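Structural overview for review
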Amino acid sequence: PETSGGDSQATNVRQLIYKVNTLTAQFFHKNLISDKVSSAKGARAYLKNRKIDLKTVEQFQLGLAPDQWDGLISHLREKGINLKLMEKAGLIIPRDNAQGYYDRFRNRIMFPIFDTQSNCRAFGARAIELGGKEAKITAKYINSPETTVYTKGHHLYGFHLAKQAIVQEDAVIIVDGYMDCIMPYQAGVANIVAVLGTALTVEQILLLRRYTKNVIMLFDMDPAGESAMLRSLDTLVKE
C-alpha cells in the first residue's frame, strides 16, 4: 500500500539526516580540538575560561564551526552528501537572489543535541567571545531550525548522558541552557538536563516521566527564568 511506502521513505530520510548530523558533529568536534583551524585556539580559550575540561568537551562532543561560508558544505560534499539533504537537516541556507547555499553555523562553538538513543538531532551554536566581546555582532545563541528529526520542545539537552543517573537518583534536575547543564555534570551531578531555552513542554515532561516523577527546577533567577519556571510548574502539575 501507498502509506507503507511513504512511511519507509520517511524512515529512510530520517536515517539519512541522522547520518549527516553525525558527520557534522564529528567535523565540528575535530575542528575544536585541532590546531589547523584558525579560530580553534580562541574557542578552546573561551571554554577553558569557563572551566570546561577536555573530557567534558569529548563527552558532550562540543565542536567548532569554522569561520567560512562553506566549510561544512565542502566537508560533507567530500563525504558524498548532497546539498538537498544538508538543507533538509537544517545545516545550510539557500543564498538570496543567487544560486547555491551557505553554512548556517559559522565561527561558533557547537553543542550537538542528541536524543535518548544518542542520535544527533540538531545543534545549538554560541558566538565565540574574544577578549570579552562577541566574535560576531549577531545573536549570542542560534539553533537548528525544526526538521524531519527535530521539533523544538520534544528533546532535552544532555538527556542521553543523564538518563541512567536519573533512574539511579530517581530525580532529575532541569536547567535552562547548555552551560548550565555541562558545568554541574562535569562536577559530578549526572542527573541533569536542559530545556533549550523554553519553558518545559508536555512532550519533555512525558519523556521525563518514563524515568522519574521527581523534578527539581533550577532556572535563572531573572524575570524570564522565573516566568519560564512558573509556566513549567503548571504543566508539570497537570501531567
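Our structure is the block above this text.
An account of the accompanying structure is given in this report. Everything numeric here is computed off the predicted structure, so don't read it as measured data.

**Concerning the overall build of the protein**
In terms of helices and strands, the protein carries nine helices and 11 strands. In terms of its C-alpha atoms, the protein occupies a principal-axis envelope of roughly 60 × 50 × 30 Å. By the burial criterion, 47% of the 239 residues in the protein qualify as buried. Approximately 12600 Å² of the protein is accessible, and the part contributed by carbon and sulfur atoms is 50%. When the 30 positive and 25 negative side-chain charges of the protein are each reduced to one mean point, those points stand 5 Å apart.

**A closer look at the pattern of salt bridges**
Counted under the stated rule, the structure contains three salt bridges. For Lys-84, the salt bridge identified is with Glu-87, shortest N-O distance 3.3 Å. One end of the pair, Lys-84, and the other, Glu-87, are both in helix H5 (residues 83–88), three residues apart, so they sit about a helical turn from each other. For Lys-84, a relative accessible area of 52% gives the class exposed.

**Points about the sheet that holds strand E8 (residues 141–143)**
On the basis of which strands lie adjacent, the open sheet formed by four strands has the order E1-E4-E5-E8 and antiparallel pairing. Taken across any chain shown, the strands that pair with only one partner, and hence form the sheet edges, are strand E1 (63–65) and E8. Averaged over all neighbouring strand pairs, the angle between strand axes comes to 35°, with direction disregarded. The sheet contact formed by strand E5 (residues 120–127) and E8 spans three bridges and is antiparallel. What sits directly across from Ala-125, in E8, is Ile-142. With respect to the sheet, helix H2 (residues 40–49) is in contact with E1, strand E4 (108–114) and E5, its orientation differing from that of E4 by roughly 65°. Along the sheet face, helix H7 (residues 178–186) touches E4, E5 and E8 and points at about 75° away from the line of E4.

**Observations regarding a negative patch on the surface**
On the surface, Asp-180, Asp-220, Asp-222 and Glu-226 cluster together into a negatively charged patch. Here Asp-222 is to be found in the loop between strand E11 (215–217) and helix H9 (223–238).

**Comments concerning unusual backbone geometry**
Even without being a glycine, Asn-107 presents a positive backbone phi close to 55°. Of note, Asn-107 is situated in the loop between strand E3 (101–103) and E4. Not every positive phi belongs to a glycine, and Ser-118 is a case in point at roughly 65°. Summarising the element assignment, Ser-118 is placed in the loop between E4 and E5.

Each value, and the rule that gives it
- Residues numbered from 1 in each chain as written.
- Predicted model: local features only at pLDDT ≥ 70, side-chain atom pairs only at ≥ 80, totals over all residues.
- Heavy atoms only, no water.
- Helix = DSSP H or I, 4+ residues; strand = E, 2+ residues; numbered from the N terminus.
- Buried < 20%, exposed > 50% of the residue type's maximum accessible area, 1.4 Å probe, protein only.
- Areas by Shrake-Rupley, 256 points an atom, 1.4 Å probe, with all protein chains shown as cover.
- Lys, Arg positive; Asp, Glu negative; His and termini not counted.
- Charge placed at Lys NZ, Arg CZ, Asp CG, Glu CD.
- Salt bridge = Lys/Arg side-chain N within 4 Å of Asp/Glu carboxyl O.
- Pairing = 2+ DSSP bridges.
- Axes fitted to C-alpha atoms, helices over the stretch in contact; angles between N-to-C directions.
- Contact = heavy atoms within 4.5 Å.
- Patch = residues over 30% accessible without salt bridge, like charges linked within 9 Å, V, L, I, M, F, W, Y side chains within 5 Å.

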